Amino acid sequence: MFLSNHPNSVPVLQAAWHCTSQSQTVRGLVLHAMAEWYMRGEPHDQARLSRILDVAQDLKVCSHALTLLKQERWANAQNMRDGSV
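Rules of the game
- Residues numbered from 1 in each chain as written.
- Predicted model: local features only at pLDDT ≥ 70, side-chain atom pairs only at ≥ 80, totals over all residues.
- Heavy atoms only, no water.
- Buried < 20%, exposed > 50% of the residue type's maximum accessible area, 1.4 Å probe, protein only.
- Helix = DSSP H or I, 4+ residues; strand = E, 2+ residues; numbered from the N terminus.
- Arc of directions from axis to C-beta.
- Contact = heavy atoms within 4.5 Å.
- Axes fitted to C-alpha atoms, helices over the stretch in contact; angles between N-to-C directions.
- Parallel < 35°, antiparallel > 145°, perpendicular 65-115°, else oblique.
- Left-handed = near helix turned anticlockwise from the far one by under 90°.
- Nonpolar A, V, L, I, M, F, W, Y, C, P; charged D, E, K, R; others polar.

Engineer: Please clarify how helix H1 (residues 9-17) should be interpreted in this entry.
Structural biologist: Since one α-helical turn is 3.6 residues long, residues separated by three or four positions face the same way. Within H1 the residues assigned to the buried category are Ser9, Leu13 and Trp17. Down the axis of H1, the smallest arc covering the buried residues is 55°, so these residues share one side. Structurally, H1 contributes buried residues whose contacts are with helix H2 (23-40) and helix H3 (46-59).

Given below as C-alpha cells:
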C-alpha cells in the first residue's frame, strides 16, 4: 500500500526507517517489501521500479534498494532455471 502512490507513503516509511528501537529489523522489512512488490509486478515494470527508486531516494537508501533488487532478481532467475518455483 505504501509503495504505491499513497499520499502518506513517504512520511510513514521515513518514520519506520528512522525508528530507533528496532531499526535494523524495520529497515530489512522495508527493503524486502520493496523487492517483493517489484517482483510481484510484470517483468521489467518500469513504473514500479521508478516508484521504488523514488521512495529509496527519499529515504536516502538507493544503494541498499538497488543491491537488494538485484539479489532478488538473481535469486528468482536461479529458482526458475532450477525449477524450484
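Engineer: Mind showing me how you'd approach the packing of H2 against helix H4 (residues 62-82) here?
Structural biologist: The angle between the axes and the distance between the axes are what describe a pair of packed helices. In contact at an axis separation of 9 Å, H2 and H4 are set at 50° when each is read in the N-to-C sense. Classified by the angle their axes make, H2 and H4 are oblique. Pair H2 / H4 crosses with right-handed handedness. Along its contact with H2, which presents Leu31, His32, Met34, Ala35, Tyr38 and Met39, the element H4 presents His64, Ala65, Leu68, Leu69, Glu72, Arg73 and Asn76. Here the residues of the contact of H2 with H4 sort into 8 nonpolar, 3 polar and 2 charged.

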